[in-house]
Amino acid sequence: MALTGGEVLLERGYEGRVAYLTLSNGPYTVITWEMRQAVAERFAVIDADPDVRVVVVRSDGEHFTSGGDIAGFMEVDPIDFTDLGHNVTAAARSPKPVIAAVDGYCFGVGLEMALSCDIRLATVRSQFALPEMNLGMIPGSGGTQRLARLIGLSRAKFHIMTATRIQAAQALDWGIVAGLHDDRDALHSAVDELAGRMAAFSPAAQRTAKEVLDKGADGPLYTGIELERKAYAMLRSTHDFAEGVAAFTEKRKPEFTGR
């Protein structure tokens, strides 16, 4: 049975350099199965657009998202769940830096989506949780693995196995979010400023930094250092590096092109 309801809107700003993905489905921004698929489809468009340098994921509801459409998911064929977690966490596979703007609830698949982003900023009223234990289930879109890697195994076990919420101040202290803001307006202003600043950097350097950080974190230290060394050598031959050095010497702002 096809599920309906909700949208994933795609807009662009900063002369097309920043893509905004907006989750839209009522005040609680419930994520339907169709919305999960739409997230992957929108990222495919973004990833193929050389003009886009930074992506922002946000919602237009009262909350970032209270989680998935549980009743609707029961109507999905079990075989379709083989793609569970692949579609909604497309941000992790995108070569472009992705910022999540979190306000209010960030629960279930919403937290898994946010954890797949590179940087998370939130409001002081935000709450984070993987509450699947209340349903006799576990997170299925990367939540167990990404949260444990971010905050440590012991803390992740406690919060996942007891379905306990993480308050905003604790999320900041543990590194789940990189910054807190007083309200939604302040959050969006901060996210816009950050996205615009990051869009001015070299796309090649941003893409390479993301890959080195992500892949290096999954291996031993010496492997990560070797990956970093080779990536540094590769960037040394780019036009953007030459432009950056020239701009520094000439005391002007660099104009990076991604080459």
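So, a few notes on the structure that sits alongside this text. Note that the coordinates shown come from a computational prediction; the quantities given were computed from them, not determined experimentally.

### As for the sheet that holds strand E7 (residues 105–107)
Here's step 1: Spatial ordering of the open sheet is given by E7-E9-E10, a layout of three strands whose pairing is mixed. Every other strand in the sheet has two partners, leaving E7 and strand E10 (166–167) as the edge strands with one partner each.
Here's step 2: When E7 meets strand E9 (residues 127–129), the two strands line up parallel, connected through three bridges. Bridge pairing in E9 links Cys106 to Phe128.

### Points about the nonpolar core
Here's step 1: Ranked by size, the top nonpolar core spans 40 residues in total, and within it Leu23, Phe43, Val57, Val102, Phe128, Leu147 and Ile176 carry the most contacts.
Here's step 2: In terms of nonpolar packing, the next biggest core, distinct from the first, is built from 14 residues, Ile99, Ala101, Leu121 and Ala190 among them.

### A look at the environment of Ala100
Here's step 1: Within the secondary structure, Ala100 is located in strand E6 (residues 98–102).
Here's step 2: Owing to a relative accessible area of 0%, Ala100 belongs among the buried residues under this scheme.
Here's step 3: In this structure, the C-alpha to C-alpha distance between Ala100 and Ala148, residues 48 residues apart in sequence, is 19 Å.

Reading guide: rules and limits
Residues numbered from 1 in each chain as written. Predicted model: local features only at pLDDT ≥ 70, side-chain atom pairs only at ≥ 80, totals over all residues. Heavy atoms only, no water. Pairing = 2+ DSSP bridges. Helix = DSSP H or I, 4+ residues; strand = E, 2+ residues; numbered from the N terminus. Core = buried A, V, L, I, M, F, W, Y, C linked by side-chain atoms within 4.5 Å. Buried < 20%, exposed > 50% of the residue type's maximum accessible area, 1.4 Å probe, protein only.

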